Amino acid sequence: MRVEPSTPLPPLRETVRVHGLQASKALGQNFLFDEQLLGRIAALPGDLAGATVFEVGPGPGGLTRALLRAGAKVIAVERDDRCLPLLGELSEAFDGRLTVVPDDAMVIDADALAGGPYHIVANLPYNVGTALFTRWLEPKAWPPLWLSLTLMFQLEVAERIVAPVGTNAYGRLAVLAQWRSHAKIAMKVHRSAFTPPPKVMSAIVHVTPGEEPEGVDPRILSKLTEKGFGQRRKMLRQSLKGVAGALAALEALGIDPTRRAETVSVAEWVALARLLSR
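A quick note: this is a predicted structure, and the numbers were derived from the prediction, not measured.

## So, the overall build of the protein chain
1) Next: Helix and strand content of the protein chain: 12 helices and 9 strands.
2) Next: For 278 residues, the compact-globule estimate of 2.2 N^0.38 gives 19 Å, and the protein chain sits close to it at 20 Å.
3) Next: For the protein chain, the C-alpha atoms occupy an extent of roughly 65 × 40 × 30 Å along the three principal directions.
4) Next: Across the 278 residues of the protein chain, 48% fall into the buried class.

What follows is the structure, encoded as structure tokens:
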């Protein structure tokens, strides 16, 4: 399904030129103008006809256009006032299916804005991407209200999200993304696709909720992994000694306290958190 705007839109690059808009380094902005690429990203969550999509940092609205053309109702949070006139024009062209919230995504309650099941799709600003991602992974109520996350990160961060145990990239981000979700790298994006080109490659990570292991308090798992991987070169008996009951739990589960965090599988972290959640 492709829904065209009620009034024709000039190419995005031309719109940006007319408005004199340039990407802000301070806001971690890098613009995408390739409509074919943007359409492929918008297709990753599946059929969006009539669906609600939450977008962070739309900038001039390249990905927003693709989502609206896919039939979605889009709620876009943008803190850069310079982009608001472009987004306002986009909302008018698509008959109000775009709602623009001029605020900081770090203080926004996406669930409340969406008011029902929704997808999150975003070319995340590099400076807040990881913080937003971990927040979306940590709600106590599961499954979450979001149906999928389709997010662009630096390739290095994307690889950390999907990393298996025992690899250099494996860490807290992998455990949080994998213990009750399914995460995969859906697409790599070359730096040359952006204006201005970032110094590193990027990748799109697609995440869907999975079954939640029973008896695990996500706050305890979060604390365990924060402590364990915060001092990842130390043995567990050192890195986890500040977590009440953790050393006894290691012993009860038969996990050698001289191991390091990167050798502990997702299932073992979950078992440890379950024991401490009682």
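## Brief notes about the environment of Ala70
1) Next: Within the element layout of this structure, Ala70 appears in the loop between helix 3 (62-69) and strand 3 (73-77).
2) Next: Here the alpha-carbon distance between Ala70 and Leu86, two residues 16 residues apart in the chain, equals 19 Å.

## Considering the pattern of salt bridges
1) Next: Per the counting criterion, the structure on display carries 10 salt bridges.
2) Next: Between Arg69 and Glu35 there is a salt bridge; the shortest N-O distance is 3.9 Å. Here the residue Arg69 occupies a position in helix 3, and Glu35 occupies one in helix 2 (residues 35-43), the gap between them amounting to 34 residues.
3) Next: A salt bridge links Arg180 to Glu212, with the shortest nitrogen-to-oxygen separation between them at 2.8 Å. Of this pair, Arg180 sits in the loop between helix 8 (172-178) and strand 7 (181-189) while Glu212 sits in the loop between strand 9 (202-209) and helix 9 (218-230), and the two are 32 residues apart along the sequence.
4) Next: Looking at Glu212, the relative accessible area reads 27%, which means it is partly exposed.

## Remarks on the environment of Leu38
1) Next: Structurally, Leu38 is set in helix 2.
2) Next: Contacts of Leu38, omitting those with residues within four sequence positions, involve Leu32, Phe33, Gly62, Leu63 and Ala66.

## Notes on unusual backbone geometry
1) Next: Residues Trp142 and Pro143 are joined by a peptide bond in cis, for which omega reads 5°.
2) Next: Along the chain, Pro143 turns up in the loop between helix 6 (129-137) and strand 6 (146-154).
3) Next: Residue Pro196 follows Thr195 across a cis peptide bond; omega there is -10°.
4) Next: Positioned with a positive phi, Asp95 is a non-glycine residue whose angle comes to about 55°.
5) Next: Secondary-structure assignment places Asp95 in the loop between helix 4 (84-93) and strand 4 (98-101).
6) Next: Judged by its relative accessible area of 59%, Asp95 falls in the exposed class.

Cut-off values and rules
Residues numbered from 1 in each chain as written. Predicted model: local features only at pLDDT ≥ 70, side-chain atom pairs only at ≥ 80, totals over all residues. Heavy atoms only, no water. Helix = DSSP H or I, 4+ residues; strand = E, 2+ residues; numbered from the N terminus. Rg over C-alpha atoms; globule rule 2.2 N^0.38 Å. Buried < 20%, exposed > 50% of the residue type's maximum accessible area, 1.4 Å probe, protein only. Salt bridge = Lys/Arg side-chain N within 4 Å of Asp/Glu carboxyl O. Contact = heavy atoms within 4.5 Å.

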